[in-house]
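Remarks on the overall topology
Read off the chains here:
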Amino acid sequence: MTWEPVIGLEIHIHLKTRTKMFCRCEVAYFEPENTRTCPVCLAFPGSLPVPNAKAVEWTIKLGLALDCQIAEHAVFHRKNYFYPDNPKGYQISQYDEPLCVNGRLALPGPEGDVEIGIVRAHLEEDAAKNVHVGGAEGRIGGATATLVDFNRAGTPLVEIVTQPDLRSADQARRFLQLLRQTVVELGISDAEMQKGSLRFDVNVSVRPHGSDELRTRTELKNLNSFAFAAKAIQREVERQVGVYESGGEIEQETLHFDPGAESAPPLRSKEEAQDYRYFPEPDLVPVEPPRELVERVRTELPESPAARIRRLADGLDHDLAEDLVTSARDRLYERVPGDRRAVANVLMNQFAASGVDPDAVDPEELGKLIEARSRIPREKLTEALAASGDPGFSAERYLGDGLVADTAELEPIVERILAANPGQVEAYRGGKEGLLGFFVGQVMKETQGKADPRVVNELIREKLS
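Everything quoted here is computed from the prediction, not taken from an experiment.

1. Observations regarding the overall build of the protein chain
A tally of helices and strands in the protein chain yields 16 helices and 14 strands. When its C-alpha atoms are laid out on the principal axes, the protein chain stretches across 90 × 60 × 45 Å. With 465 residues in all, the protein chain has 49% of them scored as buried. Long-range pairs, those at least 24 residues apart, make up 68% of the contacts in the protein chain with a sequence separation of at least 6. Of the roughly 22,400 Å² that the protein chain leaves accessible, carbon and sulfur atoms contribute 49%.

Right under this line is the structure:
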C-alpha cells in the first residue's frame, strides 16, 4: 500500500510592536530575566488589560496578505490552562470569532501553484518563556529544572492555522519559508527563529494514497528550524506508516522533536478545544475594525513573494527563483547587471556565504565582480564579495589581480612539472586520467593560485596527449 502524508501547520509569529499586547511594558529580547514586567502581564489582582491598537492593525494586514476575510466583529476569549509560563491561569486569545478567517496562500511550484488554505489568523498574547536547565541545547529532554522568564509574557502573537493541505515534508518546509518572507516584507515581524519570534507546530497524519479520510494526527511541538521541521515530519510519517503496517493504531498526542537524537518522545495527550474551557474575556469589548481602516491597510500591501517567484521563474528555474526570493536576495538580483543565471548562482552561493546584507551592496560594482569571476583567484573573489557591502566599495582593486591565462607564461611551468614527475606522466598515459588533477594542483601551487585552471587543464592535456 502507498501512503500519503496529511500535514497542517500552526505558525506563531511575534509582532514587533513597541509594547506588549495588553500593557505598556516594552517588548524586548535578551534583556535580564523578569525586568520587562508589570502588574498586568504578571496578572496581579485588580489589573486590567488594554488592547494594543497597532497589533490589531498589523493582524488585519497579515490577514489581507493571506487573502482572509476580515471579521466585522471579533472577540477575545480566555483560554484556560495551568502551566508555569501562564501566571493568570488563562491566556487571552481568540476562539470562534477571530479577526481573520478563510484565507489561502498559493505556494508556487515547478508544476504550478498549490493552494494552501488558511483556517484562521488570530491575535493573542504570548506566554512566558520556560528555560530548561541541564538539557541539551536548552531543550526539555534531559533537563533537571525549569525556570520561568516573564519578559515574554504578553508579547503580541499571531497564530496562523492552515488547512491540512500539505502533502510532504519538503512542501511544508517551502511553505514555511514563503510565509516567513511574506511576514517580514509586511514589516510586522522580524520572524527570527533564533529569537523565538517565529515558532511553529506541525500536525501530521497519514492515509492510503487516493483516500480523502483524515486519520488520527499527532502534533510536533515548538519547532524553530525549517530543516528540523522537515526532518521531524519525515520521521513522524515513517513512524506512523510503520505503526499502521504492523496492525497498530496511532494515538493522538503531542510530541517533542529532538533534532540531535532525531527522536520525538511524547509530551502529553493532545488537547481539544473543550479542554481549554474557552469563554469570552469579560474585561475586553469586541473588536470591530472600521471598513476604512481595512481598506487603507489593503492599499499598503507590497507585491507578494509568491508573485515574485512566478515572475523570476520565467527566466530561471523554479528552485533558483524560490531561493532568491525566500532569502531576500531577489531585489539585489534584479539590480545587478550581467548574465542572469550567473548572477543568480553567485548570489545564492559565494555571496550568500559572505553574509553581506544585500541592501548594502552597489549592484554595478557587484556586477563587475561577477562578470570577471573566472579571472579572479578564488580567495580574492571571496575577499571581494565579503567587502562588497562596505561604503564606497569598488571592484577595480580586485580586477587587477586577474588569473594568469597567457599560455606563453604558463607553458614552461607545465613542462617543468611534467618533467619532475615522470612516473605520474607514464601512469596517466597508461589510463589513469584522474592524475590530471594532480598536475593541475602542482601548477596552481607553483603559481600561488594565480594560474587560470581552465588554461592549465588544456595545456596539460595537450602536452600529455
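There is more to say after this.
2. Section: the packing of helix 1 (residues 53-65) against helix 2 (residues 169-186)
Orientation of helix 1 relative to helix 2, taken along the N-to-C sense of each, is 135 degrees, at an axis distance of 11 Å. Considering the angle they form, helix 1 stands oblique to helix 2. Where helix 1 crosses over helix 2, the handedness of that crossing is right-handed. Of the residues in helix 2, those in contact with Lys61, Leu62 and Ala65 of helix 1 are Thr182, Val183 and Leu186. Across the contact of helix 1 with helix 2, the residue classes break down as four nonpolar, one polar and one charged.

3. A few points about the pattern of salt bridges
Enumeration over the complete set of coordinates arrives at 35 salt bridges. Between Glu365 and Lys368 there is a salt bridge, with the nearest N and O atoms lying 3.1 Å from each other. Taken together, the positions of Glu365 and Lys368, both in helix 10 (residues 363-371) and three residues apart, correspond to about one turn of that helix. Note on Lys368: relative accessible area 34%, which makes it partly exposed. Connected through salt bridges with shared partners, the residues Lys54, Glu57, Arg296 and Glu300 form a single ionic network.

4. Looking at helix 10
What sets the pattern is the α-helix's 3.6 residues per turn: residues three or four places apart point alike. Every buried residue of helix 10 is listed here: Pro363, Glu365, Leu366, Gly367, Leu369 and Ile370. As for helix 10, its buried residues are in contact with helix 7 (330-335), helix 8 (340-348), helix 9 (350-354), helix 11 (378-387) and helix 12 (396-399). The N-cap of helix 10, judged by a side-chain oxygen 2.9 Å from the amide nitrogen of Glu364 a few residues on, is Asp362.

5. Notes on the packing of helix 5 (residues 305-313) against helix 6 (residues 318-326)
The description of two packed helices rests on the angle between their axes and on the distance between the axes. In the contact formed by helix 5 and helix 6, the axes pass within 8 Å of each other and the chain directions differ by 140 degrees. Overall, the two elements helix 5 and helix 6 adopt an arrangement that is oblique. Helix 6 is crossed by helix 5, and the crossing has right-handed handedness. Contacts from Pro305, Arg308, Ile309, Leu312 and Ala313 of helix 5 reach helix 6 at His318, Ala321, Glu322 and Val325. Residues of the contact of helix 5 with helix 6, tallied by class, amount to six nonpolar, one polar and two charged.

6. Comments concerning the pairing of strand 5 (residues 100-107)
Bridging between strand 2 (residues 69-70) and strand 5 involves two bridges; their strand directions are antiparallel. Directly across from Ile70, in strand 5, lies its bridge partner Cys100. Of the strand pairs in this sheet, strand 5 and strand 6 (residues 114-125) are connected by seven bridges, and their pairing is antiparallel. Residue Gly103 lies in a different strand from strand 6, and its bridge partner there is Ile118. The turn linking strand 5 back onto strand 6 is made up of six residues, and Gly112 within it adopts a positive phi angle of 115 degrees.

Rules behind the numbers
- Residues numbered from 1 in each chain as written.
- Predicted model: local features only at pLDDT ≥ 70, side-chain atom pairs only at ≥ 80, totals over all residues.
- Heavy atoms only, no water.
- Helix = DSSP H or I, 4+ residues; strand = E, 2+ residues; numbered from the N terminus.
- Buried < 20%, exposed > 50% of the residue type's maximum accessible area, 1.4 Å probe, protein only.
- Contact = heavy atoms within 4.5 Å.
- Areas by Shrake-Rupley, 256 points an atom, 1.4 Å probe, with all protein chains shown as cover.
- Axes fitted to C-alpha atoms, helices over the stretch in contact; angles between N-to-C directions.
- Parallel < 35°, antiparallel > 145°, perpendicular 65-115°, else oblique.
- Left-handed = near helix turned anticlockwise from the far one by under 90°.
- Nonpolar A, V, L, I, M, F, W, Y, C, P; charged D, E, K, R; others polar.
- Salt bridge = Lys/Arg side-chain N within 4 Å of Asp/Glu carboxyl O.
- Polar contact = N/O pair within 3.5 Å; in protein donor to acceptor, adjacent residues only side chain to side chain.
- Pairing = 2+ DSSP bridges.

Interpretation in functional terms is not warranted from these geometric data alone.
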